[in-house]
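Architecture at a glance
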Amino acid sequence: MSHSIGSPNQKNYDVEAGSNRSGDDEESNNVFEIHRTKHVSVDRLRRWRQAALVLNASRRFRYTLDLKKEEEKKQTLRKIRAHAQAIRAAFIFKDSVPLENGTVPPKPRSAGEFPIEQEELASISRDHNFTTLQQYGGASLPRNLFCYLTLYINVMIFLIVVSLYQVKGLGDLLKTSLEKGIPGSDDDLLKRKNAYGSNTYPRKKPRSFWRFLWEACQDLTLIILMVAAVASLALGIKTEGIKEGWYDGGSIAFAVLLVIVVTAISDYKQSLQFQNLNEEKRNIQIEVIRGGRRVEVSIYDLVVGDVIPLNIGDQVPADGVLITGHSLSIDESSMTGESKIVRKDTKEPFLMSGCKVADGNGVMLVTSVGINTEWGLLMASISEDTGEETPLQVRLNGVATFIGIVGLTVAFLVLIVLLVRYFTGHTLNANGTPQFVSGKTKFGKAIDGAIKIVTIAVTIVVVAVPEGLPLAVTLTLAYSMRKMMADKALVRRLSACETMGSATTICSDKTGTLTLNQMTVVESCACLRKVNSNDGKPDLSPTLSSLIIEGIAQNTTGNVYVPETGGDVEVTGSPTEKAILQWALKLGMNFEATRSQSSILHVFPFNSEKKRGGVAVKLPNSEVHIHWKGAAEIILASCTRYIDSDDQVAAMDDDKRMCFRKSIDEMAGGSLRCVAIAYLPYELGNVPTGEEQLADWALPADDLVLLAIVGIKDPCRPGVGDAVRLCQKAGVKVRMVTGDNVQTAKAIALECGILTSDSELCEPTLIEGKAFRELSDKQREDFAEKISVMGRSSPNDKLLLVQALRRRGHVVAVTGDGTNDAPALHEADIGLAMGIQGTEVAKESSDIIILDDNFASVVKVVRWGRSVYANIQKFIQFQLTVNVAALVINVVAAISSGEVPLNAVQLLWVNLIMDTLGALALATEPPTNHLMDRPPVGRREPLITNIMWRNLLIQAVYQITVLLILNFRGKSILNLEHDTTEHADKVKNTLIFNTFVLCQIFNEFNARKPDEFNIFKGITKNYLFMGIIAMTLVLQILIVEFLGKFTTTVRLNWKYWLISAVIAFISWPLAVVGKLVPVPETPFHKYITRTSAFKYCTSCPRIFRRRKARAEVSVLNHVSQ
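Below or above, wherever it landed, is the structure these notes cover.

The rules behind the values
Residues numbered from 1 in each chain as written. Predicted model: local features only at pLDDT ≥ 70, side-chain atom pairs only at ≥ 80, totals over all residues. Heavy atoms only, no water. Helix = DSSP H or I, 4+ residues; strand = E, 2+ residues; numbered from the N terminus. Axes fitted to C-alpha atoms, helices over the stretch in contact; angles between N-to-C directions. Parallel < 35°, antiparallel > 145°, perpendicular 65-115°, else oblique. Left-handed = near helix turned anticlockwise from the far one by under 90°. Contact = heavy atoms within 4.5 Å. Nonpolar A, V, L, I, M, F, W, Y, C, P; charged D, E, K, R; others polar. Core = buried A, V, L, I, M, F, W, Y, C linked by side-chain atoms within 4.5 Å. Buried < 20%, exposed > 50% of the residue type's maximum accessible area, 1.4 Å probe, protein only. Salt bridge = Lys/Arg side-chain N within 4 Å of Asp/Glu carboxyl O. Pairing = 2+ DSSP bridges. Phe/Tyr/Trp six-rings, centres within 6.5 Å; stacked < 30°, edge-to-face > 60°.

1. Overview of unusual backbone geometry
Cis geometry is adopted by the peptide bond preceding P764, which originates at E763 and carries an omega value of 0°. Mapped onto the elements, P764 comes out in the loop between helix 27 (742-752) and strand 24 (766-768). In this model, D853 sits at a positive phi of 60°, which is unusual for a non-glycine residue. Within the fold, D853 resides in the loop between strand 28 (848-850) and helix 33 (855-897). Its identity is not glycine, yet N975 carries a phi of approximately 55°, on the positive side. Within the element layout of this structure, N975 appears in the loop between helix 35 (946-973) and helix 36 (981-1008).

Shown next as structure tokens:
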């Protein structure tokens, strides 16, 4: 089967895709079928919880979303937001009342080394207190400066200088330079933390080990067993004395305590892993200016007085005030609850922690951090519930519920049979006398016998109800998440781990994901010719170089730092900005000097939709230049003139335009990213003068003068071709979606292996975003299936592609790094944000963060996703084999003879092997390359495949057959007829118990490789598996040889140990023979669902729900009347 084109196993996905089908889960008859937990309703989540058969709710639902706490969190958020808004309203009212003449502003109170204390600082930003900012900042400018500014420059520059002067006053109080930031020395940072606190907030203490121990004790069956143990202990001591009478009750109590302690230890270690991962998620890296340099620090290391550059997509890391900003818009919905974008300027300079930069850029001064910010108060007052159900977890609750109902039925049947046999005198002692004789047996002894029977029945429930099955998902996810961190993938949503195993297509960015993101300008074109270099310096005239340098220095979000003590120049910014700035340095650019020679009037930040960014600057001679930079063909289309070789502005006719276009195509064909630089001389009189008019000014983008076109080389990542081929082999189609030129995208796609032949170099395989955008919905669906490369795409094109693919039945993974990628990341089944280049908005919308921005890491995530599913299936196969074998053996023995070969303590030990230890051994198997040799796992495919049914039935039937033969014919086979009946029964039952446990140990090896013959492949790399097997075997030897009093066993000689080992060993060759048995392609459960009985049973809940709904409507109508 070919998996490279189309949707693999599409029949499995066709009801899953598209936002218009998001209601599929809501209408599903099966409450345990939730395939997409991203947008599922609270009612749907509540329904599956209510339907699950649960023995210990606190443990079973520990890692699911706490619906009650979620509602409490929302109420707390509403209260805090309302409180904050009330305070602000009061200050606005207060500010509207004019101060009386002669009122002197309050003098700031000192905070140790600094002349202003924390509470006053907090009141400025938290309460949006503009009056206090003016008072502390010194709103009255020096008279001569006021006159100079109003006469010399326009209104906007005047307002900016006024704003800077106000904030400078605050900066002086905080001993901060608004241009160079704080010194940043260890001593300075310590003083600021002592005076104003650190950027952390108190968090709820994690659960202690004792809490986990308490929760493990709340298992209903274990509580019943403890009560039974206490009763048995009391009766045993009363009838047999303390020396001999405590064994039965004491052994059960000890076994229960052992189960509780081991369970608590396992759960506690698991929670520690989640805590560490959550800390990683919260630790955001922030760019700050310290000592004139831009450096990255942890968000926890921010201090009051820090100067922070803000760009589109960033999170505001602390409360502060705006120093300068250009078209800066902030999304304050996280704080106010209103999805309203707020523009920040000199009138509204206050910035709140936790908000996101929606547009523009700016620089802020930090005034409050940590608990002194509104965000800190918010985080400290709500509990961070990281619980979240995953589709597999919900499905396993359904499996556990079904198995539990069967187990309860069997246990109840055993209880009735044993009680009837006991009280009718059919249960015999070892000497053949009845255990109960009506009218003769003492009351205490009869109760003791009944308690033992109840204990056996309850223990069967413990074994039969797989309480640990859903928790095995959390265990394997915790293990996988920890290991994925080492593979440079930080999981934000648990469900993404397993969903990635079902991914059928990956829509990947080009820059930084498929390429190295190490950009260098290697080619340039100006004056209708290719620019040559003389000793590394581009050969351009001084006039043209001056215009290019002016445009690059002012129209950038990057920075150039020249150390005062000498040394290498440091260039910061995005990879594209860095490459262009480094090229400008070769032209002779002095960054700081160039920026100081002109003042910025207005900025149009780079926009991924428009694919260009611009800036208007005013020169000392009152001239205005508007500089543009962006995608080469888009800028070229706006140009009507160019600078010729004589430094003259010449008209651009069609021939000259084609010449430039040819240069662009040649560069793009060489896999270069093409960026054009242009400018427009503008009249100062046409520039808007009012602040609001200037803020809304649309920079003229037509009739431009082309200055230069640069070609930027960004090499492919090593190994990306192998990663793409591995995906294609695994049935996952890789699609490149990039904003770059189609020719550049094609060249990179051929290099990566996404495109492989000339036949693929046309529509719809290779398409431009604009062409895809203009198609109808139906056409987009048809085209989406065939698209391999989309060039010159906008974020909205990526969203349309994701929606079309999901409607076609694909499980879609999408990579993204920009703010505008957020909708596509949110819409996709798995959103993958880039950790290095990704904005905070993109990361917040994602499910997994790729920490090294490498496509190879995305492929590793696919492998881990498949590993999660495979490990759970291994554990299910192993656990169901134990369940079936244990239940059948005890039921058959109980009905036929009134005795069970496996007593309560033995079954508790088996439960420990099966539940906690089995999950640890099998759910933590590392992924193998074999996982990538198969197509993606369908989200509607049965958890228990036909291969698993075959394996578990072969092993279960073998174990049942052998152990029942030993139970009924064991005395004769083992030559025990000459022993006393009591001793012979103990030897036989001990051998059965020992053989049963060894069979499970050997079967754990079989479960490792359900569909491979070599079950030992890679076993030496899994130290945990080997350790658990060794520990289980050692404990089994200790139990049989030294703890017979507790487990009602006797020591076995070497012959019996050999018999047990041989019987268990046969399960290995039997598994190999079993794998030769072919299985049908139709899932086994479908044969069951076709039966009339099943259809009737499944229709009953629907009929009941409809009747219930009609009854509720009838009651409501009656009440309303």
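2. Comments concerning the packing of helix 36 against helix 40 (residues 1067-1074)
Where helix 36 meets helix 40, the axes come as close as 9 Å, and the angle between the chain directions of the two elements is 30°. With respect to each other, helix 36 and helix 40 are oriented roughly parallel. Helix-helix and strand crossings are classified by hand; for helix 36 and helix 40 the assignment is right-handed. Along its contact with helix 36, which presents F1002, N1003, F1005 and N1006, the element helix 40 presents S1067, W1068 and A1071. Grouping the constituent residues of the contact of helix 36 with helix 40 by class yields four nonpolar, three polar and no charged.

3. A short note on the nonpolar core
Counting residues in each nonpolar core, the largest one holds 149 residues, and the members touching the most others are I754, I830, I848, F855 and F996. Among the elements that take part in this core, helix 33 stands out by supplying 20 residues, more than any other. Sequence-distant contacts of F855, defined by excluding residues within four places in its chain, comprise I506, S508, T513, L514, R717, V720, A723, V724, C727 and V734. If you look at the next biggest cluster of nonpolar residues, it comprises 40 residues, including I116, V167, I308 and A318.

4. Observations concerning the pattern of salt bridges
Overall, the coordinates contain 34 salt bridges when judged by the stated rule. Its salt-bridge partner being D188, residue R192 comes within 3.1 Å of it at the nearest N-O pair. With R192 and D188 both in helix 9 (residues 186-196), this residue pair falls four residues apart, about one helical turn. This pair shows no difference in class: R192 is buried, exactly as D188 is. Linking R673 and D740 is a salt bridge whose minimum nitrogen-to-oxygen distance equals 2.9 Å. Residue R673 is found in strand 21 (residues 672-682), and its partner D740 is found in the loop between strand 23 (733-737) and helix 27; the two are separated by 67 residues along the sequence. The same class applies to R673 and to D740, which are both buried. Ionic contacts of the salt-bridge type, sharing partners, join the residues K778, D782, E785 and R808 into one network.

5. Side note on the pairing of strand 21
Taken across its eleven residues, strand 21 has nine buried, putting it largely inside the fold. Pairing between strand 18 (residues 624-631) and strand 21: eight bridges, direction antiparallel. By the bridge assignment, H627 is partnered in strand 21 with Y679. Of the strand pairs in this sheet, strand 21 and strand 22 (residues 704-713) are connected by eight bridges, and their pairing is antiparallel. Across the sheet, the residue bridging to I677 is A708, located in strand 22.

6. Thoughts on the packing of aromatic side chains
Under the counting rule described, the total for this entry stands at 16 aromatic pairs. Arranged with centres 5.9 Å apart and planes meeting at 75°, the rings of F209 and Y268 form a pair that is edge-to-face. Here F209, found in helix 10 (residues 209-216), pairs with Y268, found in helix 13 (residues 247-282); they are 59 residues apart in sequence, far enough to count as distant. On the accessibility criterion, F209 (22% relative accessible area) is partly exposed. Relative to Y268, the ring of F212 lies with its centre 5.8 Å away and its plane at 65°, an arrangement referred to as edge-to-face. On the criterion of sequence distance, the pair formed by F212 in helix 10 and Y268 in helix 13 is long-range, its members being 56 residues apart. Under the relative-accessibility criterion, F212 is labelled buried at 1%.

7. Observations concerning the pairing of strand 17 (residues 612-618)
In terms of residue burial, strand 17 counts as a mostly covered element, since seven of its seven residues are buried. Connecting the antiparallel pair strand 16 (residues 599-607) and strand 17 is a turn made up of four residues, with K611 showing a positive phi of about 60°. Where strand 17 meets strand 18, seven bridges bridge the pair, whose relative direction is antiparallel. Within strand 18, the position partnered with G614 by the bridge is W628. Linking strand 17 back to strand 18 in an antiparallel pair, the connection comprises five residues, with S622 at a positive phi of about 70°.

8. A look at the side chain of T572
The residue T572 is located in strand 15 (residues 570-572) in this model. If sequence neighbours within four positions are ignored, T572 has contacts with E287, R294, G558, N559, K578 and L581.

9. Remarks on the packing of helix 33 against helix 36
Remark: helix 33 packs on helix 36, axes separated minimally by 9 Å, with the N-to-C direction vectors making an angle of 155°. Accordingly, the angle class assigned to the pair helix 33 and helix 36 is roughly antiparallel. Helix 36 is crossed by helix 33, and the crossing has right-handed handedness. Two secondary-structure elements touch here, helix 33 through K874, Q877, F878, T881, V882, A885, A886 and I889 and helix 36 through F996, Q1000, N1003, E1004, N1006, A1007 and R1008. Classifying every residue of the contact of helix 33 with helix 36 by side-chain character gives seven nonpolar, five polar and three charged.

Fair warning: the whole summary comes from geometry, so function is off the table for now.
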